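Architecture at a glance
Chain by chain, the residues run as shown.
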Amino acid sequence: MSGRIVIEINPDIKQELYEQLMVNNVSLKSWFLENVESFLKGKQQLTLSLTPPIISKEKVDNERASA
C-alpha cells in the first residue's frame, strides 16, 4: 500500500498555500502531517452551524460604507 495522497486543487490556491508555507519556513508535508495529527486527535473539531452568524450593526454599516 502506498503512503501517497494526491489531491487536485485550484492552481491559485496552491500558489498561495506554498507562498504562506515559505514565509513560515514550513514544508507542505510537515504542515499537512501536523494538521492531520491534530484532526485525528480531536484537537480541531469541525463544527456545523445550523443558524446564520450574528453580525453586528456596526460591521454591516462598515461593509456598506466601504462598498
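Right above here is the structure, for reference.
Residues numbered from 1 in each chain as written. Predicted model: local features only at pLDDT ≥ 70, side-chain atom pairs only at ≥ 80, totals over all residues. Heavy atoms only, no water.

Within the protein, the regular secondary structure consists of 3 helices and 0 strands. Starting at the N terminus, the α and β elements of the protein follow one another as α-α-α. Counting only residues that meet the buried cut, the protein has 3% of its 67 residues in that class. When the accessible surface of the protein is split by element, carbon and sulfur atoms take 57% of a total near 7,000 Å². (Helix = DSSP H or I, 4+ residues; strand = E, 2+ residues; numbered from the N terminus. Buried < 20%, exposed > 50% of the residue type's maximum accessible area, 1.4 Å probe, protein only. Areas by Shrake-Rupley, 256 points an atom, 1.4 Å probe, with all protein chains shown as cover.)

Size it by volume and the largest pocket reaches roughly 500 Å³. Every residue lining the largest pocket is counted, 14 residues in all, and those nearest its centre are Ile5, Ile7, Leu28, Lys29 and Phe32. Mapped onto the lining of the largest pocket, the elements with two or more residues apiece are α1 (11-23) and α2 (28-40). Here the element with the most residues in the lining of the largest pocket is α2; it accounts for 5 residues. Per-class residue counts for the lining of the largest pocket are 10 nonpolar, 1 polar and 3 charged. (1 Å grid on protein atoms, 1.4 Å probe; cavity = no way out; pocket = protein on both sides within 12 Å on 5 of 7 lines; lining within 4 Å. Points joined across faces, edges and corners; volume = space filled by probe spheres on them. Nonpolar A, V, L, I, M, F, W, Y, C, P; charged D, E, K, R; others polar.)

Between the first and last C-alpha of α2 there are 18 Å, a value that for 13 residues agrees with the 18 Å anticipated at 1.5 Å per step. Positive backbone phi, at 85°, marks Gly42, one or two positions downstream of α2. (Expected span 1.5 Å × (residues − 1).)

Let us look at α1. Between its first and last C-alpha, α1 extends 18 Å over 13 residues, near the 18 Å set by a 1.5 Å rise per residue. Where α1 begins, the side chain of Asn10 points an oxygen toward the backbone nitrogen of Asp12, at a separation of 2.6 Å. Two residues or fewer past α1, Asn25 is found with a positive phi of approximately 55°. (Polar contact = N/O pair within 3.5 Å; in protein donor to acceptor, adjacent residues only side chain to side chain.)

Judged by side-chain polarity, Ile5, Ile7, Ile9, Ile13, Tyr18, Val26, Leu28, Trp31, Phe32 and Leu33 come together as a nonpolar surface patch covering roughly 910 Å² of accessible area. For the nonpolar patch, the secondary structure elements donating two or more residues are α1 and α2. A total of 4 residues in the nonpolar patch trace back to one element, the largest contributor, which is α2. In this fold, Leu28 is placed in helix α2. (Patch = residues over 30% accessible without salt bridge, like charges linked within 9 Å, V, L, I, M, F, W, Y side chains within 5 Å. Salt bridge = Lys/Arg side-chain N within 4 Å of Asp/Glu carboxyl O.)

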